Amino acid sequence: MRRLFECHCSLITWRCVTLLSWIALCLVPTTSLARTPEGVTFFETHVRPVLANSCYECHSDQAGKSKGGLKLDSRQAMLRGGQSGPVLIPGKPEQSLLIQAIRHLDPELRMPPEDPKLTEETIAQLSQWVAMGAPDPRDENEGTSFIRKKADTHWAFQPLNAPLLPTVHDETWIQRPMDRFVLSKLEAKDMHANEETDRHSWIRRVYFTLIGMPPTFQEVEAFLEDTGKNAPEKVVERLLASPHYGERWARHWMDVSRYADTKGYVFQSDRSYPYAYTYRDYLVRAFNEDLPYDRFLKEQLAADLMELGSDKRPLAALGYLTLGRRFLNNPHDIIDDRIDVVSRGMMGLTVTCARCHEHKYDPIPIEDYYSLYGVFASTLEPSEKPLLGGVPHPAHQDYLQEKKQRKEAYDTYLNEARQSALKALRDRAGEYLQAAHDASLIEDASLKESMARERKLDPTTVIRWVNALVTWEKEAHPVMFPWIRATQQPDLLKPEKRSQWVEWLSDKKRVNPRITAQIIKAQPTSLKSLSQVYGKLFTDISSQWQACLASDPEALGLPDSDAEAIRLILYASNAPARVPLQNLNRLFEVKVGEKVRRLKRRLDGLDAEHPGAPPRAMALFDKANPTTPVVFLRGRPGNHGNKVPRQFLEFLEGPERKPFSQGSGRLELASKIASPRNPLTARVLVNRLWGWHFGVGLVDSASDFGLRCDAPVQQDLMDYLANYLITHAWSIKQLQREIVLSATFRQGNQHRPAYKEKDPENRLLWKFNRYRLDLEGTRDTLLKVTGQLDLRMGGKPVEITRPPWNPRRSVYGYIERQNLPGFFRTFDLASPDSSSPGRFRTSVPQQALYMMNSPFMKQILENIPILHATARDTKAADTITRLYHHMFQRAPTDEELGWGLAFLGETDQDETSVQERKQQWQQFAQTLLMSNELVFVE
């Protein structure tokens, strides 16, 4: 009872507080809320959507309409009003014409002008908004003139120039030129960087950063023994030359490119991307070969339009565009996704926000969105993906044989199903004839379709019969003319008109004798019974035709000309019962359709599952005739606005920009993006690289460098590195040398309370931020330090989230977009649904529980080679030391060794069984594997 009473009191209190808050909101002076964050939030949540969905179509610049002289797409326009005067009086909803109009109080003043009326809740919200003073941020931070003016001075849109190296007091700390930018800002705040971290921590840090795995104990020892000044450089060069470097950095870019091995939800078709892995392997190779970043970008947008020579492997780069979600195969959403991955992934611009209207915050008009839309609408994906070459797999012949068998099974059954569907259409020709007549009497298209479906007929075929009857009437077709005459004069079918009807039918010049004979014999008295006469005649003629084909497969028609004329009603190329083969699948019975789709999935899935399938590129090509795009008003594909040329963004290119002229324009677009004159591309990459090295980027919004992105504290450092990238031939490896060999990267992570108070987020870079390894780094480290990691490179993806647990590197793990496994979600894998600006770094109980109880960890512990080699007479201290060597690349301290021995309870004459001893060692190893030292970059 007490708990129930407390709940009731809490509910009453909450309601009272909510009511009082609302009253207080309404009583605040109108001017006080008009520009407050609360007022702006209310507008964005409750007002803007209503105006956009219900008003802009008739009252906005974007729609090009201002009925009654009224526009509602800015605060000033609403205050100015139209022919009836101002529609908005802030603070006075009852006197505002806007509120009167949406309440439908005046028949001459109704908004929307046609039903349905806005809901009472919506009307109340709009009234409350006016009472608040009509807070409206549109003129403040998104009006066209305001945005353009702000864009002129926005830091990220300024030309990229190399800043001068600043002078510093402590020259001894400098290791690379970039350090000067960091130290100068610290010294300006009377601060200094942390001392250099110890060499053991640095080598682990650089190994994790560059190849995503820890070094071996021997590698650490060799580095510690090398006292030469260039010892760090030698480590870095070895890591940059390692083939595993490309694996680590490919995985980073796979987040940007929203990589997955499946399409997402696509209803009943095959969901796999059988050749997605070729894009991943392309990335690994590109990073290992230090492909210049400008070339890297161009290949991912337009490799098919570039000179590749005999090496076709770069075609796989086009997976950047084609590996996104398929949105139930909606082409507009697919193109929108491609615009997004290009604009956000490569330039840090949210161009897709201009799909339905001008961008609210950046200088991107809707016309620019559809210019890019036209680029990607001018491409197509070939059904037969291009081969990438290379040595055939030993199982290639087996693959070809299996593919042949599956294709034959699919083609055979599909052909049988189609012929069966065609036969059903012809067998029911009489019913379609009757339905066509009934449909011709109905004006509403939806009612025509409903009528057809109620009779279990195909609506499209019914319309084809309707159209055919119109043609036959004009031709006075001898077979169909009796039906047409009967529909025009139904009285002819009455018994008292029989003699007149028979006399008319007997005219052989007008009526096919076979249909005359059938009608006279059956004596139909209604259109329905007449349609049955036609149906029987059509069935008889079809049987004759099938018998004729059985005796003479090359027959072109029936020998009897009257019978042949009837056959052509069903079998002619333009016959209403002869539906195009590609459209027959929708007529299949449920079980038949399911089997067809099952056989098709089995055929399509072979490329993904068979090891002998040759690698192909997930490519796309230009259409023969490029699309001239039009603006979709309000983003609706059926609501066309003005035509726009395919071209680059105006605010980056300038008013003198020229439309793309080479095919779709993809190569020209790629050249604009990867240009040294583009101020965004290099800055965006530098920020991503910095975040992947340090755990946190110089700019928080890695995929949005628009007007809402404040200039970073280390802007000069960012611009220096961006210019460094360009002037060093766009070499990512060269840029990484500058970063990982810098004093900034070599800092320790010691905490300083005074500095923390001055710079709580470490924007001045006075220490190295300690961070936890990502999913791939954690899993690969667990496998490597326990001696179980399989370092084979490339090839088809493997399942790493279910037993049997595959020990290959995590970058080769199969990614199911639609049902992302719990393991991936638990350890913060980036969502493959869209381009990712970065990963979350959470610390949740599920992670610890996975390390404690998962079957994966159990398998790892059971297969640690060191523990298998531990015999009963092996000294526990030696094995503990070896475990520390493998896991932490160092020897245990005396204290740690003592803890281990105490846990294991070592004696010279151990009385425990072999199995119990094994479990003890596994528990001890698991304790080490769960330690922070293993999975944190210090």
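About the criteria used
- Residues numbered from 1 in each chain as written.
- Predicted model: local features only at pLDDT ≥ 70, side-chain atom pairs only at ≥ 80, totals over all residues.
- Heavy atoms only, no water.
- Helix = DSSP H or I, 4+ residues; strand = E, 2+ residues; numbered from the N terminus.
- Contact = heavy atoms within 4.5 Å.
- Areas by Shrake-Rupley, 256 points an atom, 1.4 Å probe, with all protein chains shown as cover.
- Lys, Arg positive; Asp, Glu negative; His and termini not counted.
- Charge placed at Lys NZ, Arg CZ, Asp CG, Glu CD.
- Axes fitted to C-alpha atoms, helices over the stretch in contact; angles between N-to-C directions.
- Parallel < 35°, antiparallel > 145°, perpendicular 65-115°, else oblique.
- Left-handed = near helix turned anticlockwise from the far one by under 90°.
- Patch = residues over 30% accessible without salt bridge, like charges linked within 9 Å, V, L, I, M, F, W, Y side chains within 5 Å.
- Salt bridge = Lys/Arg side-chain N within 4 Å of Asp/Glu carboxyl O.
- Buried < 20%, exposed > 50% of the residue type's maximum accessible area, 1.4 Å probe, protein only.
- 1 Å grid on protein atoms, 1.4 Å probe; cavity = no way out; pocket = protein on both sides within 12 Å on 5 of 7 lines; lining within 4 Å.
- Points joined across faces, edges and corners; volume = space filled by probe spheres on them.
- Polar contact = N/O pair within 3.5 Å; in protein donor to acceptor, adjacent residues only side chain to side chain.
- Nonpolar A, V, L, I, M, F, W, Y, C, P; charged D, E, K, R; others polar.
- Core = buried A, V, L, I, M, F, W, Y, C linked by side-chain atoms within 4.5 Å.
- Phe/Tyr/Trp six-rings, centres within 6.5 Å; stacked < 30°, edge-to-face > 60°.
- Lys NZ or Arg CZ within 6 Å of the ring centre and 35° of its normal.
- pLDDT = per-residue confidence, 0-100.

Draft legend 1. The arrangement of the overall build of the chain in detail. Helices and strands together make up the secondary structure of the chain, namely 43 helices and eight strands. Along the three orthogonal principal directions, the C-alpha set of the chain runs to about 120 × 80 × 75 Å. Intrachain contacts of the chain at a sequence separation of at least 6 include 67% that bridge at least 24 residues. Working note: accessible area of the chain is about 44,700 Å², and carbon and sulfur atoms make up 53% of it. Averaging the positions of the 123 positive and the 119 negative side-chain charges in the chain gives two centres separated by 5 Å.

Draft legend 2. View of the packing of helix α15 (residues 293-302) against helix α30 (residues 666-673). Packing of α15 against α30 brings their axes to within 9 Å, and their N-to-C directions diverge by 155 degrees. Here α15 lies roughly antiparallel to α30, going by the angle between them. Every pair of crossing elements has a handedness; the one defined by α15 and α30 is right-handed. Residues Leu297, Lys298, Leu301 and Ala302 of α15 form the contact with α30, whose participating residues are Arg666, Leu667, Ala670, Ser671 and Ile673.

Draft legend 3. Structural context of a nonpolar patch on the surface. On the surface, Tyr265, Phe267 and Leu328 cluster together into a nonpolar patch covering about 350 Å² of accessible area. With respect to the helices, strands and loops of the structure, Phe267 is situated in the loop between α13 (243-256) and α14 (276-288). Given a relative accessible area of 55%, Phe267 falls into the exposed group.

Draft legend 4. Local environment of the layout of surface pockets. If you add up the space inside the largest pocket, you get close to 910 Å³. Lining the largest pocket we find 29 residues, and of these Lys263, Asp270, Ser383, Lys600 and Asp604 sit closest to its centre. Broken down by secondary-structure element, the contributors of at least two residues to the lining of the largest pocket are α19 (396-427) and α28 (590-609). Sorting elements by how many residues they give to the lining of the largest pocket places α28 first, with eight residues.

Draft legend 5. Seen up close, helix α27 (residues 561-571). Residues of α27 that are buried: Ala563, Glu564, Ile566, Arg567, Ile569, Leu570 and Tyr571. Buried residues in α27 make contact with α19, α20 (429-440), α22 (459-475), α25 (513-522) and α26 (527-551). The N-capping residue of α27, defined by a side-chain oxygen 2.8 Å from the backbone nitrogen of Asp562, is Asp560.

Draft legend 6. The pattern of salt bridges, seen in detail. Throughout the structure, instances matching the rule amount to 57 salt bridges. The partner of Arg455 in a salt bridge is Asp438, and the shortest N-O contact between them spans 2.7 Å. One end of the pair, Arg455, is in the loop between α21 (445-454) and α22; the other, Asp438, is in helix α20, and 17 residues separate them in sequence. For Arg455, a relative accessible area of 34% gives the class partly exposed. Residue class for Asp438 comes out buried when judged on its relative accessible area of 18%. In this structure, Asp491 and Lys494 form a salt bridge, with 3.4 Å as the shortest nitrogen-oxygen distance. A relative accessible area of 39% means that Lys494 is categorised as partly exposed.

Draft legend 7. Geometry of the packing of helix α41 (residues 894-904) against helix α42 (residues 914-929). The contact between α41 and α42 brings their axes to 10 Å, and the two run at 145 degrees. As α41 packs across α42, the resulting crossing turns out to be right-handed. Of the residues in α42, those touching α41 at Gly900, Phe903 and Leu904 are Arg917, Gln920, Trp921, Gln923 and Phe924. Residue classes in the contact of α41 with α42 are distributed as four nonpolar, three polar and one charged.

Draft legend 8. Looking closely at the nonpolar core. Within the largest apolar cluster, 183 residues are counted, with the highest numbers of intra-cluster contacts made by Val206, Leu210, Trp253 and Tyr320. Not counting residues up to four positions away in its chain, the partners in contact with Trp253 are Tyr279, Leu283, Phe287, Tyr293, Phe296, Leu297, Gln300, Tyr320, Gly345 and Trp692.

Draft legend 9. Structural view of the packing of aromatic side chains. Applying the stated criterion to the full structure yields 42 aromatic pairs. When the centroid spacing of 5.3 Å and the interplanar angle of 70 degrees are considered together, the rings of Tyr373 and Phe632 count as edge-to-face. Linking Tyr373 in helix α18 (residues 366-377) with Phe632 in strand β5 (residues 630-632), this pair joins segments that are 259 residues apart in sequence. Considered together, Tyr373 and Phe632 belong to a single accessibility category, that of buried residues. One aromatic cluster is present, built from ring pairs that chain together Trp253, Tyr279, Tyr282, Phe287, Tyr293, Phe296, Tyr320 and Trp730. Geometry around Phe223 places Arg199 over its ring, the cationic atom sitting 4.1 Å from the centre.

Draft legend 10. Inspection of unusual backbone geometry at higher detail. Residues Pro803 and Pro804 are joined by a peptide bond in cis, for which omega reads -5 degrees. For Pro804, the position within the fold is in the loop between α35 (775-785) and α36 (822-826). With a phi angle near 50 degrees, Ala476 is a residue other than glycine that sits in the positive phi range. Tracing the backbone through its elements, the reader meets Ala476 in the loop between α22 and α23 (481-488).

Draft legend 11. Spotlight on the environment of Lys623. Looking at the secondary structure, you find Lys623 in the loop between β4 (621-622) and β5. The sequence separation of Lys623 and Ser371 amounts to 252 residues, and the corresponding C-alpha distance is 16 Å. The contacts of Lys623, once residues within four sequence positions are left out, are Ala377, Ser378, Thr379 and Leu380. One polar contact links the side chain of Lys623 to the main-chain carbonyl oxygen of Ala377, over a distance of 2.9 Å.

Draft legend 12. Quick peek at the environment of Pro292. Secondary-structure assignment places Pro292 in the loop between α14 and α15. By relative accessible area, Pro292 is classed as partly exposed at 30%. With 254 residues separating them along the chain, Pro292 and Gln546 place their C-alpha atoms 66 Å apart. Contacts of Pro292, omitting those with residues within four sequence positions, involve Ala729 and Trp730.

Draft legend 13. Structural context of α13. Within α13, 13 of the 14 residues are buried, which leaves it mostly tucked inside the rest of the structure. Looking at where α13 begins, the residue whose side-chain oxygen comes 3.0 Å from the main-chain nitrogen of His244 is Ser242. In the segment just after α13, Arg258 is the residue with positive phi, at about 45 degrees.

Draft legend 14. Just the confidence of the model for the chain, in detail. Looking at the chain as a whole, the pLDDT averages 89, with 93% of positions reaching at least 70. Below a pLDDT of 50 lies the segment residues 1-32, which in the model reaches nine contacts outside its immediate sequence neighbourhood of four places, other chains included.

Draft legend 15. Structural view of a positive patch on the surface. Judged by side-chain charge, Lys595, Arg597, Arg598 and Arg601 come together as a positively charged surface patch. Note on Arg601: relative accessible area 33%, which makes it partly exposed.

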